[in-house]
Amino acid sequence: MIELEHVSLSFAGKPAISEVSAVFPRGSFTCLIGANGCGKTTLLKLIAHLLKPESGKVRFDGRALDDWPRLALARRLAYLPQTRPLPALPAYMLVEHGRFPYLGFAKRLTAADHAAVARAIGATQSEALAEAELPVLSGGERQRVFLAAAVAQETDCLLLDEPTTYLDTHYQIEIMELVRQLHQSGKTVLMVAHDLPQAFTYADTVCIMQEGRLLAAAAPQALCGSELLREVFGYTLRRSTDAGALYPYYLSR
Amino acid sequence: MPISSISSTRSPNRRWLAPLLAAVGLLLLLASISLGAAPLPLPEVVRTLLGQAPDTSTYNIVFFARLPRSLACVLAGTALAVAGLLLQAVLNNSLASPGIIGVNAGAGLAVVLSAFFFPGLLFVRTLAAFAGAFGICLLVYAVARKTGASRITLVLAGVAVSSIFTAAIDTLVTLYPELLMDRASFYIGGFRAVDWDSLLFAGPYVLLGLAAAVLLAGRVNVLILGDEVAASLGLAVERCRFLVILCAAALAAGAVCIAGLLGFVGLIVPHIMRLLAGNDHRRLVWLTALAGADITLFCDILARLLFAPYEIPVGILLSFLGAPFFLYLLLNRQRRRCFD
């Protein structure tokens, strides 16, 4: 369980996150939505302990993040940033790096680690990509392999920053179906999303942010068609009656 | 593809590379002791090394001229190659190397300064070189981080830093020529002035740096995934980077104290090894160490033989090898994308 208690952070005097309080229960699937620059990514980084709040507390399983040993936290919480360097590595080696928090001083993989890597590659159906170097993979394949690394990390919580941005639609669906599978296997998922119909389709809770504030956190059904969406985004969402629709929600004026 | 086939292809390719490089290194080491102004037959060299010298002159040549020089090649080559590997990883810049980003020049200035203020104190000299190298590493890293400088900018900044320090060295050496016993050897990089003393003082820096590099290699692997990914995998990113820089500085300082401003080993060796063996730093540390020693030994033997009885500083040969390679890296856009 992740708890935020009056969390605030500013960059160069400009508030980025203001007084955010929220609870993300174990096993939930939450999407953070809001306009660009509203603080979604910053909030995710605060939860990933990559940033520290100026005031307020972030807790994971009842313990403040500052009190977690680095490696112990990394065994519970995996984070996938939106942009990252792309070293020339074969994909399986990236997945092996997902085992880093479990390795001893010499940082050598044991048989158990190799088994976890194989499981992660299997669970993400990335067997065919394992030998390829990261720079030659397509965007969707890369995302799949990075997810495999996060799976190999065997955390119970997955923090994703816009995992489907820049991807073709069918890759977006593939990645989101994979995230849904991971959620169903018991992981808590917290995801920054930019595509509203997609977020509403997969999440069980949607958090709307604006200018560093958390305006609402509710089930997609409750927010669907709301005036709040219209205020924040300029349009709202409606349920589609088309049985063949990719997402059962569509954007509407 | 079934999982089993992945595990079977998982073992890193070219397992023979390390034994081959080690064997070549051993041969080159023997050749380096055997060849020179007065060639010694190999059997005699081996017997002398085993403590059964046929005569005193052979003993003297082997133990006071050839052996320290050959070991100096091994130490300096290893140190520069591994320092280059570490700097490339930590700066996320494939063009970085101790020579190019100005670390060697910084250590060199420190060496000349300490020769000026504390003549004859070799202990102070190596320590000063270490401080100089470390200072430059931190400076370059701070510049790269603060400005988000591109690969090329970092290289240009290195050129500027190197020029300033070389100018300072020039000034001191012009006014006090006695500061450097062998000027050409120091500037271009060479092993003519090597003796047991300089090895004794610089060796520990190289060996400790190498040991630290081996211990850090698994963490460096994660560091190259970027700060955010590395931190979320539980790596203490800043501490790790600090230790890696410290380690690179110790290695570069040791090399400068032994061989002067030897360039390009730290650039080309990590590149070639990465190309041959992949991007696993646990392997790369050993491979670059061996290959760095090999290439330096080889070039030093050539430097002694090419224009015998005249000897050219080994740095000249390394420049002929390394500078075209550097140009190739600058111009090759495809590889650039892979490493950025």
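Bear in mind the structure is a predicted one, so any value in this text is a computation, not a measurement.

Draft legend 1. Summary view of the pattern of salt bridges. One pass over the full model with this rule turns up 19 salt bridges over all chains. Here E311 of chain B makes a salt bridge to R69 of chain B, at a shortest N to O gap of 2.6 Å. Here the residue E311 of chain B occupies a position in the loop between helix 13 (281-305) and helix 14 (314-331), and R69 of chain B occupies one in helix 4 (residues 56-90), the gap between them amounting to 242 residues. Residue R69 of chain B is classed as buried on the basis of its relative accessible area of 10%. Salt-bridge contacts for R304 of chain B lead to D300 of chain B; the nearest nitrogen and oxygen are separated by 3.4 Å. Taken together, the residues span about one helical turn, with R304 of chain B and D300 of chain B both in helix 13 at a distance of 4 residues. On the accessibility criterion, D300 of chain B (1% relative accessible area) is buried. The structure contains a network of salt bridges with shared partners spanning R26, D61, R76 and D156 of chain A.

Draft legend 2. The packing of helix 2 (residues 17-34) of chain B against helix 4 of chain B, seen in detail. All names here are of chain B. With their axes 9 Å apart at the nearest point, helix 2 and helix 4 run at an angle of 145° to one another. Every pair of crossing elements has a handedness; the one defined by helix 2 and helix 4 is right-handed. Between helix 2 and helix 4, the contacting residues are L29, S32, I33 and S34 on the first element and V62, R66, L67, S70 and V74 on the second. A breakdown of the residues in the contact of helix 2 with helix 4 according to their chemical character gives 5 nonpolar, 3 polar and 1 charged.

Draft legend 3. Layout of the domain arrangement of chain B. Residue and element names in this part refer to chain B. If you check the domain split of chain B, you get domain 1 (27-67) and domain 2 (91-339). A separation of 30 Å is found between the C-alpha centroids of domain 1 and domain 2. The interface is formed by 10 residues belonging to domain 1 together with 7 residues belonging to domain 2. At the junction of domain 1 with domain 2, the criterion picks out 3 residue pairs in polar contact (both at pLDDT 80 or more).

Draft legend 4. Looking closely at the sheet that holds strand 6 (residues 77-80) of chain A. All names here are of chain A. Strands sit in the order 6-7-8-3-9-10 across an open sheet of 6 strands; the sheet is mixed. Here the strands that pair on one side only, and so sit at the sheet edges, are strand 6 and strand 10 (213-218). When the angles between neighbouring strand axes are averaged without regard to direction, this sheet yields 15°. Of the pairings in the sheet, the one linking strand 7 (residues 157-161) to strand 8 (residues 188-192) comprises 5 bridges and is parallel in character. By the bridge assignment, L160 is partnered in strand 8 with M191.

Calculation criteria
Residues numbered from 1 in each chain as written. Chains lettered and ligands numbered in written order. Predicted model: local features only at pLDDT ≥ 70, side-chain atom pairs only at ≥ 80, totals over all residues. Heavy atoms only, no water. Salt bridge = Lys/Arg side-chain N within 4 Å of Asp/Glu carboxyl O. Helix = DSSP H or I, 4+ residues; strand = E, 2+ residues; numbered from the N terminus. Buried < 20%, exposed > 50% of the residue type's maximum accessible area, 1.4 Å probe, protein only. Axes fitted to C-alpha atoms, helices over the stretch in contact; angles between N-to-C directions. Left-handed = near helix turned anticlockwise from the far one by under 90°. Contact = heavy atoms within 4.5 Å. Nonpolar A, V, L, I, M, F, W, Y, C, P; charged D, E, K, R; others polar. Domains from an automatic or database assignment. Polar contact = N/O pair within 3.5 Å; in protein donor to acceptor, adjacent residues only side chain to side chain. Pairing = 2+ DSSP bridges.

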